[in-house]
Number of protein chains: 2
Amino acid sequence: MDVSANKGGSDDAFVVGVDFGTLSARALVVRVSDGAEAGTAVREYAHGVIDRELPTGRDAGGAERTTGGLAGHARELPPDWALQDPGDYTDALGAVVPAAISDAGIDPGQVIGVATDFTASTCMPALTDGTPLCELPGLAARPHAYPKLWKHHAAQPHADRINATAHERNEKWINRYGGKISSEWQFAKALQVLDEDPELYQRADRWIEAADWIIWQLCGTETRNACTAGYKGIFQDGQYPSRDFLAALDPRFAGFAADKLAHPISPLGGLAGRLTPAAAARCGLPEGIAVAVGNVDAHVTVPAAGPVAPGKMVAIMGTSTCHVMNGAELAEVPGMCGVVDGGIVAGLWGYEAGQSGVGDIFAWFTRNGVPGEFADEARRRGMSLPELLDEKASAGPAGAHGLIALDWEGGNRSVLVDGRLSGAIVGLTLATTAPEIYRALLESTAFGTRMIIDTFDASGVPVTELVVAGGLIKSAPLMQIYADVTRRPLSLIGSEQGPALGSAIHAAVAAGAYRDVPAAAAAMGNVVRDVYQPDPVRADAYDELYAEYVRLHDYFGRGPNEVMHRLRAIRDRVRSDQ
Amino acid sequence: MDVSANKGGSDDAFVVGVDFGTLSARALVVRVSDGAEAGTAVREYAHGVIDRELPTGRDAGGAERTTGGLAGHARELPPDWALQDPGDYTDALGAVVPAAISDAGIDPGQVIGVATDFTASTCMPALTDGTPLCELPGLAARPHAYPKLWKHHAAQPHADRINATAHERNEKWINRYGGKISSEWQFAKALQVLDEDPELYQRADRWIEAADWIIWQLCGTETRNACTAGYKGIFQDGQYPSRDFLAALDPRFAGFAADKLAHPISPLGGLAGRLTPAAAARCGLPEGIAVAVGNVDAHVTVPAAGPVAPGKMVAIMGTSTCHVMNGAELAEVPGMCGVVDGGIVAGLWGYEAGQSGVGDIFAWFTRNGVPGEFADEARRRGMSLPELLDEKASAGPAGAHGLIALDWEGGNRSVLVDGRLSGAIVGLTLATTAPEIYRALLESTAFGTRMIIDTFDASGVPVTELVVAGGLIKSAPLMQIYADVTRRPLSLIGSEQGPALGSAIHAAVAAGAYRDVPAAAAAMGNVVRDVYQPDPVRADAYDELYAEYVRLHDYFGRGPNEVMHRLRAIRDRVRSDQ
């Protein structure tokens, strides 16, 4: 990588951004002056997503961990659960930062700051010193002691209770979240712990986002960032939901916010603290350098995609998609995930929407729905199976497969905010092929994004520019479908490591190299404009198909037929009867 | 096979039944006295189902054919087309009859009669001497010159026109067909020929069922059997639809029935004629033996399943399912395929309903939706892939997969009578597996059968006994699902060659060995009663799922959302624009 260009600042100064994803963490070493990416490294989590049973012990490789392994008996998890092992986070941190520094070929002494971003809401119970409960002796076999990954969807009944109670009491904050709190967020997940393992709930001194927990590991002090507090923690207008509201959910929950969450809120790009000696040793970085306030992977990508402006929607497309956008004004968008003052950058209203499953859906289908002949052909031609499916799926004109799919295999985050929805495919015939279904699934996620954009537009928060980031930008057929379905030119982020670059931008601000995040974004961010243009013929066909999508979306998602809820209830009942 | 038991008649007399299926023909040599099966043989059609492009020539194997090969240029077929090559029928006939005689180890001189049954409505244009138009010089490249296989679904617009006109004019026969004439039947297919290739329509002296055409090849004279005339040819109360009605469809169609169909109708089990010298040579049978009137594969299976009685529904489950049942009274059942006086056995009203795709759907999914790992496992364990899927699909309790499917990948024959419907799957999650979808597809066809039974019950034609015949009886998990879903004990036909046995029964009657079909059925038919019993727990779960099926069935099939029609129209339009 060419790191010789210098737009400003010192050529010698670097920052490190670390992006904690669903399955792995990656570090990126970035030059402060111009955002040039000097080195990177990635590490898979040893336990990945824990969704079938609790692990019986840690890998030998996880030797750095000090607070004990996951001893105890394996325990099978119910459907919709998704946990992680916090030891994986610190193991990965200790692996990727030194490796990225080494890859960059710089002196660690040149690093002036470090920042991280995380999936969200991934949250966990901890002691006052930050120790996760699952690391305490005797608690390793208690599922509720573990971090609940963002895609843990088993707290839907608790989200339902929160929503019903909020609407009954006319809580004004509920409309900041499109009228619905998600089962993925802090309150629903904590309420599930209280319901299902009250003793463990009592032992949790703190209920903390992994985004803030990892910062605690770096600088030794607890912080709470404005982004997760606002989007995932219902922190609005300077406060959490009231004690009365929480007591209405469950009298034992009355003190949840005051006891387990409350803490001063830190602005994004702020300084969380200084790198502790232990963390410095773990990361191979200088002690005392700036540690930025925690970030969320989606939101932190906005500055990585270049100049920050209201109406510029950044869709971060990976296993799921987050749509994040700044707006100058406060508005209520039905089914948005949230609007938070300073939730993306200080001084603007940050809007978030999302789709629970995107790349996850493609990966699920690739694993479970594609006959062996295609895997054989991909092998023969030296391609990956997704590459082959992309090629075959993009062969025909729009609509030639006769299919419509709903993109809810992982539930619906926006605009329906309903984790109990599920996927559907309509139009199958005896001539339907796997690549045709694959294409219908690609399209279904594009329709889901169009539904979100249309809803923003209709709610007084116009989307004026669409930028795509995340791993899926590599699929040209998918990008073209998104351009055609949305009838918009598509710009792409200029980095393969958007979140890590965004974190690095925050590290630079925390270290004092720029006055604020927009200034750093303008210097260090990277966008390539209008890479894909909509084709009018395909866009016309997709308009027709989208109309069908909307009809099915409303039929299955807005109440006329709650078959998806009932099928899930039957499934859960007969499985638990076994 | 043990042919020593003797319930009556001469031990020396045998008959041959030949069943012409979708992909192959099979002959069965049967002892007249007791129905013992002495020998069998099968032959695949060289051209199978012609649904992509017309063949460019005939296989070298088809040398017996005298009327010229399929010369001419290949021509690609539009979606929903399904043709066959009549030369395949006669080739197969010449192969399977001698082979079955040889397998039986009998002297051909012991054979006193031959009968056949066919898929229906499989119909073709022919000259007055029975020559199919596709065998005429210069017509081999004209798609409309070929027999249209039952599952040719491209005449739906023509069926729509027939139905709309029939209802406008209050034609009383329309209610004998559940209010709808199918796109699979004679009139819709012929009208398509007129619309799309009027010159070829004019050249057709006769429009004839393959069931009757093959008899013509055997005895040298044209006949028209009561079954296809009634079910597929709208022959009711002694007449075809009127000239006025046909003219209302298209003035050029006014003479269709009088010119191309009209001929005395022959009762089932009647004598069509005597085996010609040429056919005797082809089949290796004695010249002059009895040739029975033609039959349809489904209807002919009823006597093969033992004693004939009103209320005994026989479901013949193969690529598609036909439900056939005798009733003492005439009733109008919504969405039935038809009710015909003497349509199954003379003297009773024969009711028919059906599902367009059943085994076809399982085969489609097995080929197109199952990842290689399962094929590998099946190979390793020495099973077929369907056997493995059956095993895996039957592992969990009913409802554990959380899925509902609509069984319309091949359209819906009963009770909606709509070939433009398509399949749907609802309830997919990121944890859904291929065996789970496979099970949902098995179940969907059972729900389709229950819908048909419920409709009969509600229309005053009670179903008192359910007997299953056809190739799918070999799948124990499928049979158990049908028992559970219908809450009925399931009896099975005692022959693996139900239609061919049924044909043999008709041959015995035509040869004068029994006074009528019921008498022959009682002696030669074979049923094993109550092989599968419904399980109350599973039946309860299926009641819940069936309620969901009914809701989706009515939503997609009865008008609230005609998305399936629109998707098909978009598909056809964009494909033809290419």
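The structure under discussion appears in the preceding block.
Predicted, not measured: the structure shown is a model, and the values here were computed from it.

A. Inspection of the overall build of chain A at higher detail. Helices and strands together make up the secondary structure of chain A, namely 19 helices and 20 strands. Here the C-alpha atoms of chain A give a radius of gyration of 23 Å, agreeing with the 25 Å that 2.2 N^0.38 yields for 578 residues. Considering only residue pairs separated by 6 or more positions, chain A has 73% of its internal contacts joining residues 24 or more positions apart. Charge-centre separation for chain A: the mean point of 49 positive side chains lies 3 Å from the mean point of 71 negative side chains.

B. Seen up close, empty space enclosed by the protein. Considering all chains together, one arrives at nine cavities of 30 Å³ or more under this definition. Each pocket or cavity is described by its volume, and for the largest cavity that value is around 170 Å³. Lining the largest cavity are 17 residues, and of these A:Phe365, A:Ile425, A:Ile437, B:Phe365 and B:Ile437 lie nearest its centre. Going through the elements one at a time, helix H11 (359-368) and strand E17 (423-428) of chain A together with helix H11 (359-368), strand E17 (423-428) and helix H14 (434-458) of chain B are the ones with two or more residues in the lining of the largest cavity. A volume near 80 Å³ is recorded for the second largest cavity. Looking at the lining of the second largest cavity, its residues break down into two nonpolar, seven polar and three charged.

C. Just the sheet that holds strand E13 (residues 321-327) of chain A, in detail. Residues and elements named next belong to chain A. Here seven strands make up an open sheet; going across it, the order is E14-E15-E13-E12-E18-E19-E20 and the pairing mixed. Edge positions in the open sheet fall to strand E14 (338-341) and strand E20 (527-532), since each of these has one partner strand only. The average undirected angle you get between the axes of adjacent strands in this sheet is 25°. Looking at chain direction, strand E19 (residues 490-493) and E20 are connected through three bridges and run antiparallel. When the bridges of E20 are listed, Leu 490 appears paired with Tyr 532.

D. Here's a closer look at the relation of the copies chain B and chain A. Take chain B, turn it by 180°, move it 0.1 Å along the axis, and it overlays chain A with an RMSD of 0.1 Å. On the angle and the small slide along the axis, the relation comes out as a two-fold axis. Of the interface residues in chain B, 100% have counterparts in chain A that sit at the interface too, so the contact is made through matching surfaces.

E. Broad picture of the nonpolar core. Counting 241 residues, the largest nonpolar core has A:Phe456, A:Phe556, B:Phe456 and B:Phe556 as the members making the most contacts within it. Excluding its chain neighbours within four sequence positions, the residues that come into contact with A:Phe556 are A:Leu406, A:Trp408, A:Leu421, A:Asn561, A:Val563, A:Met564, B:Val426, B:Leu552 and B:Phe556.

F. Local environment of the side chain of A:Asp250. All names here are of chain A. Structurally, Asp 250 is set in the loop between helix H7 (243-249) and helix H8 (256-261). For Asp 250, a relative accessible area of 10% puts it in the buried group. In this structure, Asp 250 is in contact with Arg 161, Leu 194 and Asp 195, ignoring residues within four places of it in sequence.

G. Local environment of the interface of chain B and chain A. Taken residue by residue, the interface counts 53 residues in chain B and 53 residues in chain A. Of all residues in chain B, B:Leu428, B:Leu430 and B:Leu567 give up the largest surface area on contact with chain A, accounting jointly for 15% of the area buried on that side. The tally of links from chain B across to chain A stands at six salt bridges. Summed over the shared surface of chain B and chain A, the result is 17 residue pairs in polar contact (both at pLDDT 80 or more). Going through the elements one at a time, H11, helix H12 (372-380), E17, H14, helix H18 (536-557) and helix H19 (563-577) of chain B are the ones with two or more residues in the side of chain B that touches chain A. Residue contributions to the side of chain B that touches chain A peak at ten residues, all from H19(B). As judged from the five bridges shared by E17(A) and E17(B), these two strands associate in the antiparallel manner. Across the sheet, the residue bridging to A:Val426 is B:Ala424, located in E17(B).

H. Spotlight on the packing of helix H14 (residues 434-458) of chain A against helix H18 (residues 536-557) of chain A. Residues and elements named next belong to chain A. Contact geometry for H14 and H18: axes closest at 10 Å, N-to-C directions at 75°. Here H14 lies roughly perpendicular to H18, going by the angle between them. Contact residues: Arg 439, Glu 443, Ser 444, Phe 447, Gly 448, Arg 450, Met 451 and Asp 454 in H14; Tyr 542, Asp 543, Leu 545, Tyr 546, Tyr 549, Val 550 and His 553 in H18. Counted by class, the contact of H14 with H18 contains seven nonpolar, three polar and five charged residues.

I. Spatial organisation of the environment of A:Val314. All names here are of chain A. Looking at where Val 314 falls in the secondary structure, it is placed in strand E12 (residues 312-317). Taking the relative accessible area as the measure of exposure, Val 314 reaches 0% and is therefore buried. When the C-alpha atoms of Val 314 and Leu 466 are compared, they prove to be 6.1 Å apart, with 152 residues separating the residues in sequence. In this structure, Val 314 is in contact with Thr 301, Val 302, Ala 305, Cys 322, His 323, Val 324, Val 467 and Ala 469, ignoring residues within four places of it in sequence.

J. Spatial organisation of the sheet that holds E17(A). Taken together, four strands build an open sheet; the order of strands is E16(A)-E17(A)-E17(B)-E16(B) and the sheet is antiparallel. The two strands at the open ends of the sheet, each matched to only one other strand, are strand E16 (404-406) of chain A together with strand E16 (404-406) of chain B. Here the strands of the sheet are splayed against their neighbours by 10° on average, with no regard to which way each runs. Here three bridges tie E16(A) to E17(A), and the two strands are oriented antiparallel to one another. Bridging across to E17(A), A:Leu406 finds its partner in A:Ala424. Strands E16 and E17 of chain A together with E17 of chain B of the sheet are contacted by H18(A), whose axis makes an angle of about 40° with E16(A). In the packing of H18(B) onto the sheet, contacts are made with E17 of chain A together with E16 and E17 of chain B, and the angle to E16(B) comes to roughly 40°.

K. View of helix H15 (residues 476-486) of chain B. Residue and element names in this part refer to chain B. Buried residues dominate H15, accounting for nine of its eleven residues. Along H15, the residues classified as buried are Leu 478, Met 479, Gln 480, Ile 481, Tyr 482, Ala 483, Asp 484, Val 485 and Thr 486. Just downstream of H15 lies Arg 487, where phi reads positive at about 55°.

L. Region of interest: the packing of helix H15 (residues 476-486) of chain A against H18(A). Residues and elements named next belong to chain A. For the pair H15 and H18, interaxial distance at closest approach is 7 Å and the crossing angle is 70°. Overall, the two elements H15 and H18 adopt an arrangement that is roughly perpendicular. The handedness of the crossing between H15 and H18 comes out as right-handed. Two secondary-structure elements touch here, H15 through Gln 480, Ile 481, Asp 484 and Val 485 and H18 through Arg 538, Ala 539 and Tyr 542. Split by residue class, the contact of H15 with H18 holds four nonpolar, one polar and two charged.

M. Examining the packing of aromatic side chains more closely. Enumeration according to the criterion identifies 46 aromatic pairs over all chains in this entry. Measuring from ring centre to ring centre gives 5.6 Å for A:Tyr45 and A:Tyr89, while their planes differ by 75°; the resulting arrangement is edge-to-face. With A:Tyr45 in the loop between strand E3 (37-44) and helix H1 (86-104) and A:Tyr89 in helix H1, this pair connects stretches of sequence that are 44 residues apart. Ring geometry for A:Tyr555 against B:Tyr555: centres 3.4 Å apart, planes inclined by 0°, an arrangement best described as stacked. Of this pair, A:Tyr555 sits in helix H18 while B:Tyr555 sits in helix H18, which puts the two residues in different chains.

N. Inspection of the state of the cysteines at higher detail. Residue and element names in this part refer to chain B. Evaluated as defined, the whole model comprises zero disulfides over all chains. There is no disulfide at Cys 283, and the cysteine sulfur nearest it, in Cys 219, is 12 Å away. Overall, Cys 283 belongs to the buried group, its relative accessible area being 1%. Cysteine Cys 337 is unpaired, with the sulfur of Cys 322 as its nearest cysteine sulfur at 6.6 Å.

O. Region of the structure containing the pairing of strand E4 (residues 111-118) of chain B. Residues and elements named next belong to chain B. For E4, the buried fraction is high: seven of the eight residues fall into the buried class. For strand E1 (residues 14-20) and E4, the ladder comprises seven bridges, and the chain directions are parallel. Its bridge partner being in E4, Val 18 is matched across the sheet by Thr 116. Looking at chain direction, E4 and strand E10 (residues 290-292) are connected through two bridges and run parallel. Note that in E10 the partner of Val 114 across the bridge is Val 291. Direction of pairing for E4 relative to strand E11 (residues 295-296): parallel, over a ladder of two bridges. If you follow Asp 117 over to E11, its bridge partner there is Asn 295.

Cut-offs applied
- Per-chain numbering applies: the sequence of each chain, read as written, is numbered from 1 onward.
- Just so you know, chain letters begin at A and ligand numbers begin at 1, following the order they were written in.
- With pLDDT at 70 or above as the cut-off, local features in this predicted model cover only qualifying residues; side-chain atom pairs require 80 or more to be listed or tallied, and sums for whole chains, interfaces and linings still use all residues.
- Excluded from the side-chain calculations are hydrogens and water; all other atoms, namely the structure's heavy atoms, are used.
- Per the convention used, a helix needs a DSSP run of H or I reaching at least four residues, while a strand needs a run of E reaching at least two, with both numbered from the N terminus.
- Throughout, the radius of gyration refers to the C-alpha atoms, and the reference size of a globule is 2.2 Å times the residue count to the power 0.38.
- By definition in these notes, contact holds between two residues if any of their heavy atoms fall within 4.5 Å.
- In summary, the charge assignment counts Lys and Arg as positive and Asp and Glu as negative, without counting His or the chain termini.
- Note on charges: their place is set at NZ of Lys, CZ of Arg, CG of Asp or CD of Glu.
- Definitions used throughout: a 1 Å grid over protein atoms alone; a cavity as a set of points that fits a 1.4 Å probe which cannot get out; a pocket as an open set with protein on both sides within 12 Å along at least five of seven lines; a lining residue as one with an atom within 4 Å of a point.
- Grid points are joined across faces, edges and corners, and a volume is the space filled by probe spheres set on the points.
- Following the grouping adopted for this structure description, the nonpolar residues are Ala, Val, Leu, Ile, Met, Phe, Trp, Tyr, Cys and Pro, the charged ones are Asp, Glu, Lys and Arg, and the polar ones are all others, Gly among them.
- We treat two strands as partners when DSSP finds at least two bridges between them.
- Angles shown run from 0 to 180 degrees and are taken between the N-to-C directions of axes, each axis being a line fitted to C-alpha atoms and, for helices, limited to the stretch in contact.
- The copies are overlaid by a least-squares fit using only the C-alpha atoms of residues whose pLDDT is at least 70 in both copies.
- As used here, the term nonpolar core means buried Ala, Val, Leu, Ile, Met, Phe, Trp, Tyr and Cys residues forming a set that is joined through side-chain atoms within 4.5 Å.
- Each residue is assigned to one of three classes by its accessible area relative to the maximum for its type, calculated with a 1.4 Å probe on protein chains only: buried under 20%, partly exposed between the two thresholds, exposed over 50%.
- Buried area: the sum, over both parts, of the accessible surface (1.4 Å probe) that disappears when the two are put together.
- One speaks of a salt bridge when a side-chain nitrogen belonging to Lys or Arg is within 4 Å of a carboxyl oxygen belonging to Asp or Glu.
- As used in this structure description, the phrase polar contact means that two N or O atoms lie within 3.5 Å; if the pair is within protein, one of them must be able to donate a hydrogen and the other to accept it, and residues adjacent in sequence are counted only when both atoms belong to side chains.
- Reported orientations rely on four angle classes, namely roughly parallel under 35 degrees, roughly antiparallel over 145, roughly perpendicular from 65 to 115, and oblique for the rest.
- Here a crossing is taken to be left-handed if its near helix is turned anticlockwise relative to the far helix by less than a right angle, and right-handed if that turn runs clockwise.
- Note on aromatic contacts: the rings of Phe and Tyr and the six-membered ring of Trp form a pair at centre separations within 6.5 Å, being stacked when their planes are under 30 degrees apart, edge-to-face when over 60 apart, and tilted otherwise.
- The criterion for a disulfide is a pair of cysteine sulfur atoms lying within 2.5 Å.

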